[in-house]
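Below are the chains, spelled out letter by letter.
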Amino acid sequence: MLEKYTHISFDLDGTLVHTLPEYRQKIVRAVGAELGKNSLASETIDRFWYEAGRDAIIQKELGLNPEAFWRIFHTKDTPEERSPRTHAYADAEQCIRRLKESGKAVSIITGAPGWIAEMEIGKLNGVPLDMYFSIHAHNLPPKPDPQSFLLVLEKLQTPSPETVYIGNSNEDAYFARNAGVDFIYLERREHQFDLRKDAIATIHSLAELIT
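A short tour of the structure in this document, coming up. No experiment lies behind these values; they were computed from the predicted model shown.

Remarks on the pairing of strand β1 (residues 7-10)
The two faces of β1 match: H7 and S9 on one face and I8 and F10 on the other face are all buried. Two elements, β1 and strand β4 (residues 105-110), share four bridges in a ladder whose sense is parallel. Across the sheet, H7 pairs through a bridge with A105, a residue of β4.

Structure follows, in structure tokens:
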């Protein structure tokens, strides 16, 4: 599946590490309560967590001001709160190590703030990476804007036709498409998307990439 690619890039949360669903429900509801919104549907919170266009979801679906929401969200979503509720997927470490052993360049591109990303990558037991990139930490536009991806391609000197991005959401699919790279959809069965038109393949485990 990966023979034509020299660079394998991954999303992080929901792809390589798992955050308990109870955590997102708790955090988003706490932000809503602080902004005077005491009733938020679980399905809408899931859409905010996984789908592209988060500011629009915050405004239209949650009924909150995006700027105020993010300001409070980042005070509550801390490594100390998230770390005990986050673990690496069982297939993540072995997959990355095998890819590196086979000579692939491996990167992680995530929208998570740098301090969250570093905590989550720490769950992967020191896997070898050519680069990890926090879009938020570099003050670049969020996914699916391709600026961050294009910067990673430039730094690793890998052309887009030789790169594939692996993620678990529709924003990951659009992110890859906008950067001109192929996309593989990893179905973790946490939130449903129709990505058949955007993915070259759908897998249910990272082990499928190395077998």
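Looking at the sheet that holds strand β8 (residues 201-203)
Across the sheet, which stays open at both edges, the six strands sit in the order β5-β4-β1-β6-β7-β8 with parallel pairing between neighbours. Either end of the sheet is taken by a strand with one partner, and the two such strands are β5 (131-134) and β8. Ignoring which end each strand starts from, the neighbouring axes of this sheet average 20 degrees apart. The strands that helix α8 (residues 147-156) touches are β1, β4, β5 and β6 (163-167); relative to β5, the one it contacts most, it runs at about 155 degrees.

A closer look at the environment of R47
With respect to the helices, strands and loops of the structure, R47 is situated in helix α2 (residues 42-50). On the basis of relative accessibility, which here comes to 28%, the residue R47 falls in the partly exposed class. Separated by 144 residues in the primary sequence, R47 and H191 place their C-alpha atoms 8.1 Å from one another. When near neighbours in sequence (up to four residues on either side) are disregarded, R47 contacts I57, E61 and H191. At 3.5 Å, the side chain of R47 forms a polar contact with the side chain of E61.

Scoring rules and cut-offs
- Residues numbered from 1 in each chain as written.
- Predicted model: local features only at pLDDT ≥ 70, side-chain atom pairs only at ≥ 80, totals over all residues.
- Heavy atoms only, no water.
- Buried < 20%, exposed > 50% of the residue type's maximum accessible area, 1.4 Å probe, protein only.
- Helix = DSSP H or I, 4+ residues; strand = E, 2+ residues; numbered from the N terminus.
- Pairing = 2+ DSSP bridges.
- Axes fitted to C-alpha atoms, helices over the stretch in contact; angles between N-to-C directions.
- Contact = heavy atoms within 4.5 Å.
- Polar contact = N/O pair within 3.5 Å; in protein donor to acceptor, adjacent residues only side chain to side chain.

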